[in-house]
Amino acid sequence: MRKITIAEFGTEYGLSAAGTWLDIERVASAELSSEDPQHPFEGALRTDTAKGWKASVPGAQLIRLRFDHPQSVKRIHLEFREEQVDRSQEIALFATSIGSSRRELVRQQWVFNSRGATTEVEDYFFDLKDVTTLEIEIDPGRHDKHVFASLQSIQIG
């Protein structure tokens, strides 16, 4: 068997290595369309808790992260969890950089099913420079405007 060592794996060329995630609480401010006081956005920034963020009102929600200083973004890791309500969700990620207007990076849809499909993990890889703002639009029910949006965790590297 021929083998080759992948030297760059776990570096800036591959998956973000442990400890290379941005400290979002320190480098950005968050603007939220709503927030359940029992599930604040900070809960989605800590992977050691199971709280996550939840909206305080049903329907589509916006999370906007404004960086204090422009950032390079190579990876966005999102986790969503829904164990109670069967629903179809859509998210869209947008970025604004120095010298460029807001642009859509990705749009993703999936269906949560309480009988097995309760978690969705998305790992997106980019090569974005000088990012000033990242936005996540979450439409938690697509056609059902009575569903509450949530975000289990977010990491940016």
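Whatever comes next refers back to the structure up there.
This section reports on the structure supplied with the text.

## What to know about the packing of aromatic side chains
Within the structure shown, the criterion is met by 3 aromatic pairs. Between the aromatic rings of Phe80 and Trp110, the centroid separation amounts to 5.3 Å while the plane-to-plane angle is 55 degrees, which identifies the pairing as tilted. On the criterion of sequence distance, the pair formed by Phe80 in strand E3 (residues 61-81) and Trp110 in strand E5 (residues 103-112) is long-range, its members being 30 residues apart. In this structure Phe80 comes out as buried when scored by relative accessible area, which is 0%. Exposure remark for Trp110: the relative accessible area of 8% places this residue in the buried category. Put simply, the rings of Phe80, Trp110 and Phe112 pair up and form one aromatic cluster.

## Some remarks on the side chain of Asp139
With respect to the secondary-structure elements, Asp139 resides in strand E6 (residues 119-139). Assessed through its relative accessible area of 18%, Asp139 is described here as buried. Among the polar contacts made by the side chain of Asp139, one reaches the main-chain amide nitrogen of Arg142 at a distance of 3.1 Å. When neighbours within four sequence positions are excluded, Asp139 is seen to be in contact with Ala60, Ser88, Gln89, Glu90 and Lys145.

## Examining the pattern of salt bridges
This model, assessed by the stated rule, comprises 16 salt bridges. Here Arg107 and Glu90 are joined by a salt bridge, their closest N and O atoms 2.7 Å apart. With Arg107 in strand E5 and Glu90 in strand E4 (residues 87-97), this residue pair connects regions lying 17 residues apart in the sequence. Via salt bridges that share partners, Glu31, Arg64, Arg66, Arg102, Glu135 and Glu137 belong to a single interconnected network.

## Some thoughts on the environment of Ser114
Secondary-structure assignment places Ser114 in the loop between E5 and E6. Residues Ser114 and Glu82, spaced 32 residues apart in sequence, show a C-alpha to C-alpha distance of 7.4 Å. Apart from the residues lying within four places of it in its own chain, the contact partners of Ser114 are Glu83, Gln84 and Asp86.

How each quantity is defined
- Residues numbered from 1 in each chain as written.
- Predicted model: local features only at pLDDT ≥ 70, side-chain atom pairs only at ≥ 80, totals over all residues.
- Heavy atoms only, no water.
- Phe/Tyr/Trp six-rings, centres within 6.5 Å; stacked < 30°, edge-to-face > 60°.
- Helix = DSSP H or I, 4+ residues; strand = E, 2+ residues; numbered from the N terminus.
- Buried < 20%, exposed > 50% of the residue type's maximum accessible area, 1.4 Å probe, protein only.
- Polar contact = N/O pair within 3.5 Å; in protein donor to acceptor, adjacent residues only side chain to side chain.
- Contact = heavy atoms within 4.5 Å.
- Salt bridge = Lys/Arg side-chain N within 4 Å of Asp/Glu carboxyl O.

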